[in-house]
Amino acid sequence: MNYHILGQSTLEVSAIGFGCMSLGEDYAANEQLIHQAMGAGINLFDTADIYQQGRNEIMLGKAIAGKRQEVLIATKAGNQLRADGNGFDWNPRKEYILSAVEESLKRLGTDYIDLYQLHGGTMDDPIAETIEAFELLQQQGKIRYYGISSIRPNVIREYVQHSKIASVMMQYSLLDRRPEETCLPLLKQHNIGVITRGSVAKGLLINKPATAYLNYTKEEVAQAAKAVQSLTNDLRDATQVALRFVLQHRAVTSAIVGIRTKEQLDEAVKTIDSPILSEEESELLRQSIPVNYYDQHR
C-alpha cells in the first residue's frame, strides 16, 4: 500500500480508502472484511452519522475495537435526523455539530475522530459558525482535523479562504471530471488534501451496463467504458484502470472505494501494484468523451 500525508495535517492515509457506506447489515461479515482491509494496508475508513441511521458507525467501531491506533476514522455530520425518524434536515449550525460529534464518538467507541467532515454545505449556511464548531472540537481534542465533503466550487472556495480544512472529499472519475476545472487546482495550490469518491462511477466504468450518467448519454458512457477496457491487460483490469486515472492526478491524496465483498477489496488493493497509466494512455481516456463542467454553484 502507498501512503500520503493529507494536506497540511499529520495524517498519513492509504492511497485506497475503505468506503463503509457500502457495508451491509451483517456485523460479523463486516468485521472480517474490515480486518482484511487493514491486513492489506488500508488505514483510512470513511463513514457518516447518517449511514444506516448510525449503525454504520457502530459496526466500524466494533470492528476496530482494540485496534484503534491502527486506523484513521473519517466521519461526517450536518444531516440531522428528524424527531419522527422519517428523513433528515440539513443543519450545519454550531450547536448541532457539537452535539452530533458526541453521538458519533459514542457509536464509534472512541474518544477522538481523526477527520471530521461537514457532510455537504451551501452558500446559505452560517459558514463562520460552522468553522467555529470544528475549530472548537479540534481544540478540545475530540477531532484531530476537519474537512468538508462537497462538490460545490463556491462552497469549497469559502472554506479554502476562511478555514483550516485538511481535506475536501468530492466525486471524481473519468465520467465526472468537473473538479478538474477549478477545484483540484485550487486545492493543490493551497496544499489541501483531496479524497475522492465515485471513482468507478457506480460501476459504469468497469462492469455495469451503460446508462445515462450526469450529463452523459448512454452512448457516451459506453464509449468511456470501452476506453477503460482497452487499457486492461494481464496486470490490470478495468477497476485498476479507473482508479489509476483518479489517483494519478497530482491533487488527489486518496480514493475512497465502496467495498462490500472480499473480491471488491482485492480489486481495489491491486491498484497499488498495477502499472501506472502512461501519458498516452491517460490522454486516450480523456479524449474518449467530452470533458464535463459544473453548471451550478460556480
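Above this text sits the structure in question.
Note that this is a predicted model, so its numbers are computed, not measured.

Participant: Explain the overall build of the protein residue by residue, including any values.
Facilitator: Of regular secondary structure, the protein possesses 10 helices and 12 strands. At 19 Å, the protein has a C-alpha radius of gyration in line with the 19 Å of a compact globule built from 298 residues. Reported as C-alpha extents along the three principal axes, the dimensions of the protein are approximately 50 × 45 × 40 Å. Going through the 298 residues of the protein one by one, you find that 53% of them count as buried.

Participant: Outline helix 2 (residues 55-63), listing residues and values.
Facilitator: Within the span of helix 2, buried status applies to Asn56, Glu57, Met59, Leu60, Gly61 and Ala63. Taken together, the buried residues of helix 2 touch helix 1 (27-39), strand 4 (44-46), strand 5 (72-77) and helix 3 (94-108).

Participant: Give a detailed account of the nonpolar core, specifying residues and quantitative values.
Facilitator: Within soluble globular proteins, side chains that are nonpolar tend to cluster in buried spots. Judged by nonpolar contacts, the single largest core of 80 residues is most densely connected at Phe18, Ile34, Phe45, Tyr116, Leu175 and Leu285. Take this core: its biggest share by element is 7 residues, from helix 8 (residues 238-247). Beyond its immediate chain neighbours, meaning those up to four positions away, Tyr116 contacts Thr75, Lys76, Ala77, Ile97, Ala100, Val101, Phe134, Leu137, Ile143, Tyr145, Tyr146 and Gly147. The next biggest cluster of nonpolar side chains, apart from the first, holds 12 residues, and it includes Leu44, Ala74, Leu115 and Ile195.

Participant: I'd love a proper account of the layout of surface pockets, names of residues and values included.
Facilitator: Here the largest pocket is characterised by a volume of approximately 900 Å³. In this structure, the largest pocket is lined by 34 residues; those nearest its centre are Ser22, Val200, Lys202, Val257 and Gly258. Counting only elements with at least two residues in the lining of the largest pocket, the list comes to strand 10 (167-171), helix 8, strand 12 (252-258) and helix 9 (262-269). For the lining of the largest pocket, the leading source of residues is helix 9, giving 4 residues. For the lining of the largest pocket, the per-class residue count stands at 13 nonpolar, 12 polar and 9 charged.

Participant: Kindly report on the packing of aromatic side chains, identifying the contributing residues and their values.
Facilitator: The relative placement of two aromatic rings is captured by the distance of their centres and the angle of their planes. For the structure on display, the rule yields 4 aromatic pairs. Ring pairs connect the aromatic residues Tyr116, Phe134 and Tyr146, which therefore count as one cluster. Here the basic side chain of Arg68 rests over the ring of Tyr112, its NZ or CZ set 4.1 Å away from the ring centre.

Participant: I'd like a rundown of the packing of helix 4 (residues 127-140) against helix 5 (residues 153-162), residues and numbers included.
Facilitator: Close contact between helix 4 and helix 5 brings their axes to 11 Å; oriented N to C, the two are set at 55°. Between helix 4 and helix 5, the crossing angle belongs to the class labelled oblique. Judged by the sense of rotation from one axis to the other, the crossing of helix 4 with helix 5 is right-handed. The residues of helix 5 that touch helix 4, namely those facing Ile127, Thr130 and Ile131, are Glu158, Tyr159 and His162.

Participant: Mind laying out the side chain of Thr239, listing which residues take part and the relevant values?
Facilitator: The residue Thr239 is located in helix 8 in this model. When neighbours within four sequence positions are excluded, Thr239 is seen to be in contact with Ile206 and Glu267.

Participant: I'd like to hear about the environment of Ala222, residue by residue, with values.
Facilitator: Within the secondary structure layout, Ala222 lies in helix 7 (residues 218-230). Owing to a relative accessible area of 36%, Ala222 belongs among the partly exposed residues under this scheme. In sequence terms Ala222 and Asn91 are 131 residues apart; their C-alpha atoms lie 39 Å from each other.

Participant: So what about the side chain of Gln171? Which residues, and what values?
Facilitator: Tracing the backbone shows Gln171 in strand 10. One polar contact links Gln171 to Asp176, side chain to side chain, over a distance of 2.9 Å. A polar contact is formed between the side chain of Gln171 and the side chain of Tyr213, at a distance of 3.2 Å. Apart from residues lying up to four places away in sequence, Gln171 is in contact with Ile151, Asp176, Arg178, Pro179, Arg197, Tyr213 and Leu214.

Participant: Describe in detail the sheet that holds strand 3 (residues 16-19), supporting the description with residues and values.
Facilitator: Reading around the barrel, the 8 strands line up as 3-4-5-8-9-10-11-12 and close back on themselves, with parallel pairing between neighbours. Going across the sheet, the axis of each strand differs from the next one's by a mean of 30°, ignoring polarity. Sheet topology places strand 3 next to strand 12; 4 bridges connect them, and they run parallel. Residue Gly17 lies in a different strand from strand 12, and its bridge partner there is Ile256. Sitting on the sheet, helix 8 is in contact with strand 3, strand 11 (193-197) and strand 12, with an inclination near 150° to strand 12.

The rules behind the values
- Here the residue numbers are simple positions, counted from 1 along each chain's written sequence.
- pLDDT decides what is reported in this predicted model: residues at 70 or higher carry local features, side-chain atom pairs at 80 or more are listed and counted, and totals for whole chains, interfaces and linings draw on all residues regardless.
- The side-chain quantities take in all heavy atoms of the structure and omit both hydrogens and water.
- Helix numbering and strand numbering both begin at the N terminus, where a helix is a DSSP run of H or I of at least 4 residues and a strand a DSSP run of E of at least 2.
- In this setup the radius of gyration rests on C-alpha atoms only. A globule is expected at 2.2 Å times the number of residues raised to 0.38.
- The classification of residues rests on relative accessible area computed with a 1.4 Å probe and restricted to protein chains. Under 20% of the type maximum is buried, over 50% is exposed, and intermediate values are partly exposed.
- In what follows, a contact means two residues having at least one pair of non-hydrogen atoms within 4.5 Å.
- Among buried residues, the Ala, Val, Leu, Ile, Met, Phe, Trp, Tyr and Cys ones that are joined through side-chain atoms within 4.5 Å form a nonpolar core.
- Put simply, the grid is 1 Å and covers the protein atoms alone, a cavity is a trapped set of points that fit a 1.4 Å probe, a pocket is an open set with protein on both sides within 12 Å along at least five of seven lines, and lining residues have an atom within 4 Å of a point.
- Grid points are joined across faces, edges and corners, and a volume is the space filled by probe spheres set on the points.
- Note that Gly is not counted as nonpolar here; it falls among the polar residues with everything else outside the nonpolar set of Ala, Val, Leu, Ile, Met, Phe, Trp, Tyr, Cys and Pro and the charged set of Asp, Glu, Lys and Arg.
- Note on ring pairs: Phe, Tyr and Trp rings are taken, using the six-membered ring of Trp, and paired if centres are within 6.5 Å. Classes follow the plane angle, with under 30 degrees stacked, over 60 edge-to-face and the rest tilted.
- Placement of a positive charge over a ring is assigned whenever Lys NZ or Arg CZ falls within 6 Å of the ring centre and within 35 degrees of the normal to the ring plane.
- Simply put, an axis is a line fit to the C-alpha atoms, just over the touching stretch for a helix, and the angle between two N-to-C directions goes from 0 to 180 degrees.
- Roughly parallel covers angles under 35 degrees, roughly antiparallel covers those over 145, roughly perpendicular covers 65 to 115, and oblique covers all other angles.
- Put simply, a crossing is left-handed when the front helix is turned counterclockwise from the back one by less than a right angle, and right-handed when it is turned clockwise.
- Think of a polar contact as two N or O atoms within 3.5 Å of one another; within protein, one of them needs to be a possible hydrogen donor and the other a possible acceptor, and neighboring residues in sequence only count if both atoms come from side chains.
- Note on pairing: DSSP must find at least two bridges between two strands before they are called paired.

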